[in-house]
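These are the residues of each chain, in order.
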Amino acid sequence: MEAITNFLVSFPTEFPVLWILVRIVVIVLPLMLAVAYFTYAERKIIGYMQVRLGPNRVGPKGWLQPIADAVKLMFKEIIIPSGANKFLFVLAPMLALGPALAAWAVLPFDDGMVLTDINAGLLYILALTSVAVYGVIIAGWVSNSKYAFLGAIRSAAQIVSYEIAMGFALVGVLVAAGSLNLSDIVRAQEGGLLHWFWLPLLPLFVIYFISGVAETNRAPFDVAEGESEIVAGFHVEYSGMTFAVFFLAEYANMILISALTALMFLGGWLSPFQGSFMESWFTWVPGIIWFFLKILIFGFLFLWFRATFPRYRYDQIMRLGWKVFIPITIVWILVVAVAVVYKFPIWFD
Amino acid sequence: MRPENYQAKSHPPSNEYELNFGPNHPGIEGNYALRVKLRGDRVIEARADAGYLHRGFEKLMEGRLWIQNIALVPRICVPDPTPMEVCYSLSVETLCVLEAPERAQWIRVMQLEMSRLAAHLFAFGGHAATTGLYTNMFWGVADRDLILDRFEELTGGRVYSIYNLPGGVRRDVPDGFLERLAALLDYLEARLEDYDNLFFRNQVFIRRARDVGAMTREQALEWGVTGPNLRATGLAFDVRRDDPYLIYDQLEFDVITQQAGDALARNLVRRGELKQSIRILRQIIERLPAVPGPVRVPIPNPLAWNAPAGETYTRVESSKGELAYYVVSTGGDKPYRVQVRGPSAMHAVRVLEKLSVGARLEDVAQIMFSLDACPPEVDR
């Protein structure tokens, strides 16, 4: 008994690499499960919005539907078009999924509960989310299909332009928090609902989230998939597990964007009642619960957008990104900088 | 099918490329193909390719008795089948110098307007789906289903009712039907507000649909455009008002027009017509109980029914435009020739080809759905 306890206590220092692996598994496995049930939630919620029931046949109330889908996709044949480059064709979905998972390394779930607490966390996130576009571009290019190629071109142009607006929004957060470390950014928002950055950085908050929607190629910015014109866009030629990985990447990215928005603008693990008379009622709630609730809010917004907005036209998306979002973010960065310099209460004093 | 067969160097270098829309494509209604040639994002040429849904209706009709064709005609246009039945019945009645009793005429108009409601709900739902807004499509399908329930109660059939026949309709309105129809109309009218909020007042949609596939009134007339598509260019032409058939001259309704002639205007016309159809149906619910009479005149033995020799051209206003039957009889028990002048044959081939030129790739599907074409009717 004592030997087991000793082993467990000394495990992190004795086997540091294994310990990191264990922690990665602890993050990635629930994440994959969350992705699976996010697809279920999407089909159910959008189903109810569209006066239908959504999946309700596999398991009680359709709870096993995502599992059934996964099993089905695993057993399907991976068809590689004869004109495609096999290596890149298989590599592309991994390039899409990899960054979506890797970004979780620097995300704090609670105070101190983070895989790697690096000081350049924000930069790391920005770098990784930019890599994801290569998966889409390569997939569209090597498929050797016109539909896929059109989707890839659109996706590349769209992601690159929204990356800029997103980057500027992050600069605003950086200026406001004075740190690139995500835990420090959350700590800078201490003090309750009104102290979170969503209020002083409201334009940046909105723009960041909308850019996030565009970045994940979700409705109403899903021109890269454009079902009614280019059928499925960049992944039109993919089947079986290669398609499933693209699918996973899309949903993992949605959860990632939701988590980042929650961290940077809604105070991550902080309780919304901090500083108010209700604070003592909710002290028993662990921070991770608040964090998950905030992720759920943005996750729901993703689905809500899809059910209520038609797709923007491609040139409209570009105009929105370059002519509206980028100027607003630049102006607001200046506003924030001035507020920080003059220690504007209640956020920057 | 080897990669070397795909090599681009065998073609001269070009900025143009061709893309297939259909016959199996989510942006196309039914089995219908559009082959577009593009330069960048712009369509420079479009060729409609019907023929994937050819069922030979016109030829089939020549081999069937006058009354048997009733079961065939609604299949020509699935979303809006009733005008087909009524128009064919009217043609045969004209040939045989019959007239349906007044009560049957009221019931026919009731069906026509119910069918128009169902078809319009389907039409703008489909258009919304081409812009990625599937919610509207599912709502439209769900609400259309309620109308189909009433059709089932009235006629026994949900989609193909086969309820009209030369000389009247098959049976009278069931007890309590009009009350249930009135309740449905109240529901639909309240529901229109939801559609407005989701769709017709949705700024993203308005920006998507404005100036897409616009045509002028002159172009519309030259290309033979009819129905809501013509009224969207500002010309108030409606067969129901300008060449009244059945009892439309006793009903009050407005002819809805819009000026712009684009995809948005076409949808707004349909939205206005939903309201007008509800208005017409309310008048019918109010006045039908007082209309006396049988619902059918005696007809000869249908199996040995020889229509007098002659020819007739009868037109009605279907939800898609002017629908007409040109029927020729040589005095036999079968039509000698039936020609269907369907609105979709005009809209989905020539007009679609013309309007697609210069449009963006994303808007081709929108143009097709906003014209509300019906592929099975293109290729009869």
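These numbers were taken from a predicted model, which means no experiment stands behind them.

For the rest of this paragraph, the subject is the overall build of chain B. Looking only at helices and strands, chain B has 13 helices and eight strands in total. Over its C-alpha trace chain B gives a radius of gyration of 22 Å, about what one expects of a compact globule, namely 21 Å for 380 residues. Looking at chain B residue by residue over its 380 residues, the buried ones come to 58%. Accessible area for chain B stands at about 14,500 Å²; split by element, carbon and sulfur atoms hold 50% of it. Side chains of chain B carry 46 positive and 50 negative charges; the gap between the two charge centres is 4 Å.

This part covers the layout of surface pockets. All names here are of chain A. There is about 1,200 Å³ of room inside the largest pocket. Residue lining of the largest pocket: 41 residues in total, with Glu 42, Phe 243, Phe 247, Tyr 251 and Arg 306 positioned closest to the centre. Residue composition of the lining of the largest pocket, grouped by class: 23 nonpolar, six polar and 12 charged.

What follows covers the sheet that holds strand E6 (residues 310–318) of chain B. Residue and element names in this part refer to chain B. On the basis of which strands lie adjacent, the open sheet formed by three strands has the order E6-E7-E8 and antiparallel pairing. Strand pairing shows two members of the sheet lacking a second neighbour, E6 and strand E8 (337–341), which therefore form its edges. Direction aside, the axes of adjacent strands within the sheet are offset by 15 degrees on average. Strands in contact with helix H2 (residues 82–96) are E6 and strand E7 (321–329); relative to E6, the strand with the most contacts, it is inclined by about 150 degrees.

Of all hydrophobic cores here, the largest spans 110 residues; its most connected members are Met61(B), Met110(B), Ile147(B), Leu251(B) and Tyr325(B). Broken down by element, the residue count for this core peaks at 12 residues, all from helix H3 (residues 102–130) of chain B. The next biggest cluster of nonpolar side chains, apart from the first, holds 89 residues, and it includes Val136(A), Ala139(A), Trp196(A) and Ala262(A).

What follows is about the packing of helix H4 (residues 86–102) of chain A against helix H5 (residues 121–142) of chain A. Residues and elements named next belong to chain A. Put simply, H4 and H5 touch, their axes get as near as 8 Å, and they point 160 degrees apart. Regarding the angle of H4 to H5, the classification is roughly antiparallel. The two elements H4 and H5 meet at a crossing, and its hand is left-handed. For the pair H4 and H5, contact is made by Leu 88, Phe 89, Ala 92, Leu 95, Ala 96, Pro 99 and Ala 102 and by Tyr 124, Leu 128, Val 131, Ala 132, Tyr 134, Gly 135, Ile 138, Ala 139 and Val 142, respectively. Of the residues contributing to the contact of H4 with H5, the split by class is 15 nonpolar, one polar and no charged.

On the side of chain A, 26 residues touch chain B, which itself brings 34 residues to the contact. Note on chain B versus chain A: buried area summed over both sides is about 2,700 Å², and carbon and sulfur give 55% of it. Counting across the interface, chain B meets chain A through two salt bridges. Where Glu362(B) meets Arg154(A), a salt bridge forms, and the shortest distance between an N and an O atom there is 3.6 Å. Scanning the region where chain B abuts chain A turns up 11 residue pairs in polar contact (both at pLDDT 80 or more). Grouping the amino acids of the side of chain B that touches chain A by side-chain chemistry returns 18 nonpolar, eight polar and eight charged.

Further remarks concern the packing of aromatic side chains. Summed over all chains, the structure comprises 36 aromatic pairs over all chains. Geometrically, the ring pair formed by Phe124(B) and Phe200(B) is edge-to-face, given 4.9 Å between the ring centres and 75 degrees between the ring planes. Of this pair, Phe124(B) sits in helix H3 while Phe200(B) sits in helix H5 (residues 177–200), and the two are 76 residues apart along the sequence. Note on accessibility: Phe124(B) and Phe200(B) belong to one class, buried. Grouping aromatic residues by their ring pairs yields a cluster made of Phe205(A), Tyr208(A), Phe209(A), Phe265(A), Phe298(A), Phe302(A), Phe305(A) and Phe309(A). In this structure, Arg52(A) is placed above the aromatic ring of Phe138(B), and the distance from its NZ or CZ to the ring centre is 4.3 Å. One residue, Arg191(B), lies across the ring of Tyr195(B), its end atom 5.7 Å from the ring centre.

The next thing to look at is empty space enclosed by the protein. Residues and elements named next belong to chain A. Counting across every chain of the model gives four cavities of 30 Å³ or more. By volume, the largest cavity is sized at about 240 Å³. Around the largest cavity, the lining comprises 17 residues; the ones closest to its centre are Ala 132, Val 136, Glu 215, Thr 216 and Asn 253. Elements represented by at least two residues in the lining of the largest cavity include exactly H5 and helix H10 (240–265). It is H10 that contributes the most residues to the lining of the largest cavity, six residues altogether. In this model, the second largest cavity occupies a volume close to 80 Å³.

It is worth spelling out the sheet that holds strand E3 (residues 42–49) of chain B at this point. All names here are of chain B. Spatial strand order, E1-E2-E3: three strands in an open sheet with antiparallel pairing. Of all the strands in the sheet, the pair left with one neighbour each is strand E1 (16–21) and E3. Averaged over all pairs of adjacent strands, the angle between their axes in this sheet comes to 20 degrees, without regard to strand direction. Bridging between E1 and strand E2 (residues 33–39) involves six bridges; their strand directions are antiparallel. Its bridge partner lying in E2, Glu 18 is registered against Lys 37. Sheet strands in contact with helix H12 (residues 361–370) are E1, E2 and E3, and its direction is about 35 degrees off that of E1.

Attention now goes to the packing of helix H4 (residues 134–155) of chain B against H5(B). Residue and element names in this part refer to chain B. Look at H4 against H5: their axes get within 11 Å of each other, and the N-to-C directions meet at 170 degrees. The angle between H4 and H5 falls in the class roughly antiparallel. Here Thr 135, Asn 136, Trp 139, Gly 140, Asp 143, Leu 146, Ile 147, Arg 150, Glu 153 and Leu 154 of H4 lie close against H5, whose contacting residues are Phe 177, Arg 180, Leu 181, Leu 184, Tyr 187, Leu 188, Arg 191, Asp 194, Tyr 195, Leu 198 and Phe 199. Residues that form the contact of H4 with H5 fall into these classes: 12 nonpolar, three polar and six charged.

Moving on, we come to the pattern of salt bridges. Taken as a whole and judged by the stated rule, the model has 48 salt bridges over all chains. A salt bridge links Arg187(A) to Asp111(A); the shortest N-O distance between them is 2.9 Å. In this pair, Arg187(A) is assigned in helix H7 (residues 182–187) and Asp111(A) in the loop between H4 and H5, connecting sequence segments 76 residues apart. One continuous salt-bridge network, built from bridges that share partners, spans Glu113(B), Arg116(B), Arg231(B), Asp238(B), Arg240(B), Glu273(B) and Glu317(B).

What counts, and where the lines are drawn
Residues numbered from 1 in each chain as written. Chains lettered and ligands numbered in written order. Predicted model: local features only at pLDDT ≥ 70, side-chain atom pairs only at ≥ 80, totals over all residues. Heavy atoms only, no water. Helix = DSSP H or I, 4+ residues; strand = E, 2+ residues; numbered from the N terminus. Rg over C-alpha atoms; globule rule 2.2 N^0.38 Å. Buried < 20%, exposed > 50% of the residue type's maximum accessible area, 1.4 Å probe, protein only. Areas by Shrake-Rupley, 256 points an atom, 1.4 Å probe, with all protein chains shown as cover. Lys, Arg positive; Asp, Glu negative; His and termini not counted. Charge placed at Lys NZ, Arg CZ, Asp CG, Glu CD. 1 Å grid on protein atoms, 1.4 Å probe; cavity = no way out; pocket = protein on both sides within 12 Å on 5 of 7 lines; lining within 4 Å. Points joined across faces, edges and corners; volume = space filled by probe spheres on them. Nonpolar A, V, L, I, M, F, W, Y, C, P; charged D, E, K, R; others polar. Pairing = 2+ DSSP bridges. Axes fitted to C-alpha atoms, helices over the stretch in contact; angles between N-to-C directions. Contact = heavy atoms within 4.5 Å. Core = buried A, V, L, I, M, F, W, Y, C linked by side-chain atoms within 4.5 Å. Parallel < 35°, antiparallel > 145°, perpendicular 65-115°, else oblique. Left-handed = near helix turned anticlockwise from the far one by under 90°. Buried area = accessible area lost by both parts, 1.4 Å probe. Salt bridge = Lys/Arg side-chain N within 4 Å of Asp/Glu carboxyl O. Polar contact = N/O pair within 3.5 Å; in protein donor to acceptor, adjacent residues only side chain to side chain. Phe/Tyr/Trp six-rings, centres within 6.5 Å; stacked < 30°, edge-to-face > 60°. Lys NZ or Arg CZ within 6 Å of the ring centre and 35° of its normal.

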